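The residues making up each chain are set out below.
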Amino acid sequence: MAVSFQNHIHLSSTLSDITTPVATSQWKAIEREEIPLTFTSLKRTVTGKGRFYVANSGGVPLQLKNWRFRLFVRAEQSETARQRSDRILAMNGKVLYFHDSYHDSSSHGTGYKTVAITNIGGLTSLFSSSENFTIDIELEEINP
Amino acid sequence: MITQAESGLSVGDYNDLVSGNYPYKYKVLARKWNIGTPTELRTNSFGPTEGGKTKLFSAYYNGSTWGFAIGAPAGSFRVNTAIPPHVIWDSANSVFQRLYVDTSTGALKYANRAAGSNLSISALADAGTYNFPSGNQQTLYTDNESYTPSGPAYTSTPAIAGGWTLADLFNPANPNPTSFYRGNSFSPATAVVQTTFSSAVSNCYKVKITSRDWTGLSGTKYSSRMIRNFDIETTTDAVNWVTALQVRKETNWGPKESRYYDIPLGNYRGVRLKIKNTNGSANIEIGKVQFVTRTSTTVNSVEYLAGTSWDYVFYAYRDFSKNSWNLRYLRRTGSMGSTFTDYNTGIYFQRPILSMDGCYNSTANEHVLAINMVETGSVVYKAEGAKAVPYVSQKSSTYTIKFSPQASGNPLVPSWLNPVDIVNPASSYKNREGVGINFINGMYMLTLRSYDANEYNLGTTVVSADNGTSQVFYSGYTSYKLYTSKDGVFWSNGYKIPTVYIGNLGVTPSIGWGAKPFLVGNEIQAHFHANFVDNKGYNSIIGFKFASSVMTGTYLTPTDITDEILEYSVDKSEFFSSSITLDNTSGAFTNHAVINDSSVAYLEHYHGIQRGPGDDVYILIGKTLVESISKIKSLDSSLVSITSRDLLALATDYTISEDAYYANSQRVFYDNYSDVTDSGYGGLAHTAKHKGALTAENGFLQSPDNVQCIAFSTFATDFRDFLVENWTYSHQGDKYGFIFKALDPKNYFFFEIEDIATANTVTCKLYYKRKNSYTLLNTWASVSLSDTQYRRYYSCFAGRFLFMTGTDFVLPGSDIRSFDLIPINSSSFYPDIGSIGFEITNVNVSEDTYTDENGVPATLPPGQVM
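Note that this is a predicted model, so its numbers are computed, not measured.

Peer 1: Can you tell me about the overall build of chain A, naming the residues and giving the values?
Peer 2: In terms of helices and strands, chain A carries two helices and 13 strands. A buried classification covers 35% of the 144 residues belonging to chain A. In chain A, 66% of the contacts between residues at least 6 apart in sequence involve partners at least 24 apart. Carbon and sulfur atoms provide 50% of the accessible area of chain A, an area that totals close to 7600 Å².

Peer 1: Got a sec to walk through the overall build of chain B? Specific residues and values, please.
Peer 2: Helix and strand content of chain B: six helices and 57 strands. Burial status across chain B gives 53% buried among its 866 residues. Counting contacts in chain B only where the partners sit at least 6 residues apart, residues at least 24 apart contribute 62% of the total. Carbon and sulfur atoms make up 49% of the accessible area of chain B, which totals about 35600 Å².

Peer 1: Account for the interface of chain B and chain A, with residues named and values stated.
Peer 2: At the interface, 19 residues of chain B touch 14 residues of chain A. Buried surface at the junction of chain B and chain A, summed over both partners, amounts to about 1400 Å²; 63% is from carbon and sulfur atoms. On the surface where chain B and chain A come into contact, there are two salt bridges. Here Glu-564 of chain B and Arg-51 of chain A are joined by a salt bridge, their closest N and O atoms 2.9 Å apart. Summed over the shared surface of chain B and chain A, the result is seven residue pairs in polar contact (both at pLDDT 80 or more). Among the secondary structure elements, those contributing two or more residues to the side of chain B that touches chain A are helix H2 (14-19), strand S37 (565-571), strand S40 (615-634) and strand S41 (637-646) of chain B.

Peer 1: How would you explain the nonpolar core if you had to name every residue and give the values?
Peer 2: All names here are of chain B. Ile-209, Ile-227, Phe-230, Ile-232, Leu-273 and Ile-286 are the most contacted members of the largest nonpolar core, which totals 29 residues. Elements represented by at least two residues in this core include exactly helix H3 (166-170), strand S12 (191-210), strand S13 (230-235), strand S14 (241-247), strand S15 (258-275) and strand S17 (288-300). Of the residues forming this core, the biggest block, seven residues, is contributed by S12. Membership of the second largest hydrophobic core comes to 22 residues, among which are Leu-694, Cys-764, Val-783 and Phe-838.

Peer 1: Go over the sheet that holds strand S18 (residues 302-309) of chain B, please, and point to the residues and values.
Peer 2: Residues and elements named next belong to chain B. Taken in spatial order, the four strands line up as S18-S19-S20-S21 in an open sheet, and their pairing is antiparallel. On the outer flanks of this sheet lie S18 and strand S21 (341-349), each paired with one strand and no other. Going from strand to strand, the sheet's axes swing by 25 degrees on average, the running direction of each strand aside. Sheet topology places strand S19 (residues 312-319) next to strand S20 (residues 324-331); eight bridges connect them, and they run antiparallel. By the bridge assignment, Asp-319 is partnered in S20 with Ser-324.

Peer 1: Requested: an account of unusual backbone geometry, with residues and values cited.
Peer 2: Glycine aside, residues mostly have negative phi angles, and peptide bonds mostly take the trans form. For Gln-77 of chain A, which is not a glycine, the phi torsion comes out positive at approximately 50 degrees. Even without glycine at this site, Ser-94 of chain B takes up a positive phi of about 55 degrees. In this fold, Ser-94 of chain B is placed in the loop between strand S5 (86-90) and strand S6 (95-101). With a relative accessible area of 38%, Ser-94 of chain B lands in the partly exposed category.

Peer 1: Describe the pairing of strand S8 (residues 63-73) of chain A, with residues and values.
Peer 2: Residues and elements named next belong to chain A. Relative to S8, strand S3 (residues 26-38) runs antiparallel, the two sharing ten bridges. Residue pairing for S8: Glu-33 is matched across the bridge by Arg-68. Pairing of S8 with strand S13 (residues 133-143) involves eight bridges; the strand directions are antiparallel. Paired with Val-73 across the bridge in S13 is Phe-133.

Peer 1: Tell me about the confidence of the model for chain B, residues and numbers included.
Peer 2: All names here are of chain B. Mean pLDDT over chain B: 72, with 61% of residues reaching 70 or higher. Contacts from residues 48-52, a stretch scored under 50 in pLDDT, to residues over four places away or in other chains number 15 contacts. For the stretch residues 808-813, pLDDT sits under 50, and the model shows twelve contacts to residues farther than four places along the chain or on other chains. Note on the complex model: pTM 0.57, ipTM 0.74.

Peer 1: How would you explain helix H2 (residues 81-90) of chain A if you had to name every residue and give the values?
Peer 2: Residue and element names in this part refer to chain A. Listed as buried for H2 are Ala-81, Arg-84, Ser-85 and Ile-88. Projected onto a plane normal to the axis of H2, the buried residues spread over an arc of 100 degrees and lie on a single side. For H2, the secondary structure elements touched by its buried residues are strand S2 (9-12), S3, S8, strand S11 (113-120) and S13.

Peer 1: Tell me what's going on with the packing of aromatic side chains, and back it up with residues and numbers.
Peer 2: Residues and elements named next belong to chain B. Tallying each qualifying case throughout the model produces 24 aromatic pairs over all chains. Measuring from ring centre to ring centre gives 5.0 Å for Tyr-60 and Phe-518, while their planes differ by 65 degrees; the resulting arrangement is edge-to-face. Of the two residues, Tyr-60 is situated in strand S3 (residues 56-61) and Phe-518 in strand S33 (residues 517-520); the sequence distance between them amounts to 458 residues. Here Tyr-60 matches Phe-518 in class, with each residue buried. Each residue in the set Tyr-110, Tyr-130, Phe-132, Tyr-315 and Phe-340 is aromatic and connected to the rest through ring pairs, giving one cluster. Sitting above the plane of the Tyr-222 ring, Arg-225 keeps its charged end 5.7 Å from the centroid.

Peer 1: So what about a nonpolar patch on the surface? Which residues, and what values?
Peer 2: A cluster of nonpolar side chains, contributed by Val-3, Phe-5 and Tyr-102 of chain A, occupies part of the molecular surface with about 320 Å² of accessible area. Note that Val-3 of chain A resides in the segment before strand S1 (4-5).

Peer 1: So what about the pairing of strand S51 (residues 773-779) of chain B? Which residues, and what values?
Peer 2: Residues and elements named next belong to chain B. Two elements, strand S50 (residues 761-770) and S51, share six bridges in a ladder whose sense is antiparallel. Note that in S51 the partner of Leu-766 across the bridge is Asn-778. Counting the residues that bridge the hairpin from S50 to S51 gives two residues, and of these Lys-771 lies at a positive phi of roughly 50 degrees.

Peer 1: Talk me through the environment of Leu-448 of chain B; I want residue IDs and the actual numbers.
Peer 2: All names here are of chain B. Locating Leu-448 in the fold gives a position in strand S28 (residues 443-452). C-alpha separation for the pair Leu-448 and Tyr-480, spaced 32 residues apart in sequence, amounts to 5.6 Å. When neighbours within four sequence positions are excluded, Leu-448 is seen to be in contact with Thr-398, Asp-421, Arg-432, Glu-433, Gly-434, Val-435, Ser-479, Tyr-480, Lys-481 and Tyr-483.

Peer 1: Lay out the side chain of Ser-25 of chain A with the relevant residues and their values.
Peer 2: Within the secondary structure, Ser-25 of chain A is located in the loop between helix H1 (15-19) and S3. Side-chain polar atoms of Ser-25 of chain A contact the side chain of His-10 of chain A, separated by 3.1 Å.

Peer 1: Describe in detail the pattern of salt bridges, supporting the description with residues and values.
Peer 2: Where side chains of opposite charge bring their charged atoms close, a pairing between them can arise. Counted under the stated rule, the structure contains 31 salt bridges over all chains. Among the ionic pairs, Arg-87 of chain A bridges to Glu-79 of chain A, the shortest N-O distance being 3.0 Å. Residue classification places Glu-79 of chain A among the buried positions, given a relative accessible area of 15%. The partner of Glu-233 of chain B in a salt bridge is Arg-272 of chain B, with the nearest N and O atoms 2.8 Å apart. Here Glu-233 of chain B, found in strand S13, pairs with Arg-272 of chain B, found in strand S15; they are 39 residues apart in sequence, far enough to count as distant. In this structure, Glu-233 of chain B and Arg-272 of chain B share a single accessibility class: buried. Linked through salt bridges whose partners overlap, the residues forming this network are Lys-28, Arg-74, Glu-76, Glu-79, Arg-84 and Arg-87 of chain A.

Peer 1: Break down the environment of Tyr-399 of chain B for me, with residues and values.
Peer 2: Relative to the assigned elements, Tyr-399 of chain B resides in strand S24 (residues 387-406). As a C-alpha pair, Tyr-399 of chain B and Ile-371 of chain B span 28 residues in sequence and 5.3 Å in three-dimensional space.

Peer 1: Mind laying out the environment of Ala-696 of chain B, listing which residues take part and the relevant values?
Peer 2: In this structure, Ala-696 of chain B sits in strand S43 (residues 695-697). Ala-696 of chain B sits 20 residues away from Val-676 of chain B along the chain, and the two C-alpha atoms are 9.5 Å apart.

Scoring rules and cut-offs
- Residues numbered from 1 in each chain as written.
- Chains lettered and ligands numbered in written order.
- Predicted model: local features only at pLDDT ≥ 70, side-chain atom pairs only at ≥ 80, totals over all residues.
- Heavy atoms only, no water.
- Helix = DSSP H or I, 4+ residues; strand = E, 2+ residues; numbered from the N terminus.
- Buried < 20%, exposed > 50% of the residue type's maximum accessible area, 1.4 Å probe, protein only.
- Contact = heavy atoms within 4.5 Å.
- Areas by Shrake-Rupley, 256 points an atom, 1.4 Å probe, with all protein chains shown as cover.
- Buried area = accessible area lost by both parts, 1.4 Å probe.
- Salt bridge = Lys/Arg side-chain N within 4 Å of Asp/Glu carboxyl O.
- Polar contact = N/O pair within 3.5 Å; in protein donor to acceptor, adjacent residues only side chain to side chain.
- Core = buried A, V, L, I, M, F, W, Y, C linked by side-chain atoms within 4.5 Å.
- Pairing = 2+ DSSP bridges.
- Axes fitted to C-alpha atoms, helices over the stretch in contact; angles between N-to-C directions.
- pLDDT = per-residue confidence, 0-100.
- Arc of directions from axis to C-beta.
- Phe/Tyr/Trp six-rings, centres within 6.5 Å; stacked < 30°, edge-to-face > 60°.
- Lys NZ or Arg CZ within 6 Å of the ring centre and 35° of its normal.
- Patch = residues over 30% accessible without salt bridge, like charges linked within 9 Å, V, L, I, M, F, W, Y side chains within 5 Å.

Quick look at the structure:
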């Protein structure tokens, strides 16, 4: 199959969990944002001339991506909602392996990214007694 | 950003720039000091069969051609010298003159040749000889303690007991005698041990007596059995004995301790010890008795030459008996062959001179001498077992001394030592040698051969051997360093001149000696003789150039860096300095021809206005020398930061050491004699009192009447560098002065000033105190001092003593007496180093006897002894 949008992402601190997907690495996202990232600066010399700098990699501008997701956490994949929320919180501060929702569902061995959670929001219950949560996370690509 | 106040001009903003509204502008140009590649000279006439390798070399450039002199054992163009020869140029007569000290005679030899011929290398016979008035050569003696007596005829009275033989006592080959002699209660009253030899032992001048080894035994007993009161007798015919020395009260012997006893120099057939019955013990034990002989060699007295101009030739005269180096110079007024007149600069060094060079500044009419020497460095403690053992390191020091003629001409007046570079501690891999100096385009330029490495990071030098193979030596990173000075006093840091590579070798040679810089065209060039044989089979004279466009006034094509400046600031508060941040987006400064780590560059700062499109007017407001270049690269920027300072900063700021270990052995500190403890014994924290109840009060050192007081400084350890300042209230009968070369409170030199019974008249004497007894070495004629305030100031510098008197706590100008401290005529013992201190003996005089209108207190002195 070709790369296409799936209804989930894969996110785990264990690489094999996403290259040979285990069910618990799947997360449902209800919002998704894909943010391109480059490193440039435009400075002015004292004569007013612009000096544009871009960080290159292999002769071309270094382009990375960040992602922002709002994950929907509920009882699924044989885990309770609380078990899943605990696991997403435990990923904070670790190097993670990641398949964007835009990936080939028949071939998980390639196309994954190495990322880290650079920002994580609070665990939000849909209503006060709900066992269903949402949580916002921001992922930054470590290496292209 | 630069401000109006800083630049003297205002600088427009960006809107001004784009509108063309006559904005103020500025630009910065970067230029490079041109450090060129070496140029190899004359490889075809100095073959290995013509005297072999040598380091001794001198070159002089007269404005159009070079003159060389080479010291080597033999050969047509070389001279027989053990120190570098010297070449100077006589512009009045248009001749080069070659000077050197002949190895065989120690005399100065000279010859000249007119300019215009091949001056580099060709035969040049000696034309004249000059004998130094202090003597060309001296005899150097070397102790020899290992002679073997032949034909023993050992005897003793009374007889020996304890299984011991006299042969052990007189046999120096016995390394650890445990001999035992029983004195039989001294009957007869004097015990005698003696030996005679079948032939005379030549040149004996000491007797060495060593105690036996009682290590691990009861030391007190064996120490007391060592001889105490005895006579040393000698014989020249093995029949008649003559008393050579009477020794009394020798005590406190340690195991295997050797003591030396002077006897008249002679050829002896035997030695005898007559031990008195006052020895303190009936049992006598001696380890070993030996003659000490000496062998003599003839050495040349003049160790270095440096002609600063045609008519002034400086030289370093070494006095081996005093282990000092006297700086002197010759002056002549006529052409070659005219009589030299010898002058003493009054400067004496206590440390070996390693190299010396000089130059003449005709504008200021001053001669500047550069001296590279060994000095006592810092004290380093090393752990040996459980003990911390002190070692005195050596430092490699380079100084300049400026000589200015007096109004009446001679003699020249020397300045004090001006430090150029001091490496402390120095080692085989971190050192300086081979100084060269010249005055070029209004600036003194000095070069030093440099070794820079550390014990963990040794540099390598590849040297070509005679057979053409290469050898690698671990000797530190070798290079030349260039130092500059506007006045010959304050010196810049050393700029490393890139390592010289010799073209046809492709390796760094072991460069031999100093390289005197000269202005050649628009370049600064220096020549040296490389100590190697190249692949053509010849020794080489190598020239290299490190020309500076700043110094020569020649402009190389500049690089305009204005368009790359992101931040620009200048400071003109004291001297002109600037800080510039350059954009390196394009990578132009990553390996820039001018702005790079290995280049010496300077910046030209222009400020001005734009009168119209393309019509800029700039004024050069300053030139700054680049001192640091920092490259700063981050993910989104690449910057180069440059700091630079005005060239004049070189003359106003200097560093006397590039090494963090530098320790100044001159003035360190002093006691102010202010007793903050209020106990009468405070205020003397750095004064080690040995004798006399010295106390401090209100800034005054109080000494008791009619008691000799002795104290030492806890700071100073070296003789050459020391400075004593001591204001003294004194009156008739007082004796005071300073101690130097003190090994302990019983052994030192003492320069004494005594206010004798005639008012305002003092006598100065030099004593050598050894084993607690004073020997008068020199007495100077009494001098009358015009001042009546009885205040004395004295200092000592490089072996010269200055004594002044004044009316207040300011230096006077009227009464300055100068004494040469070097007539220390002790041929047998002359310590190099030692502490300093002072002696005071204050007579008991009522205050009423003073005539001092200021009411001098009966205390001594408000002094500062460091």
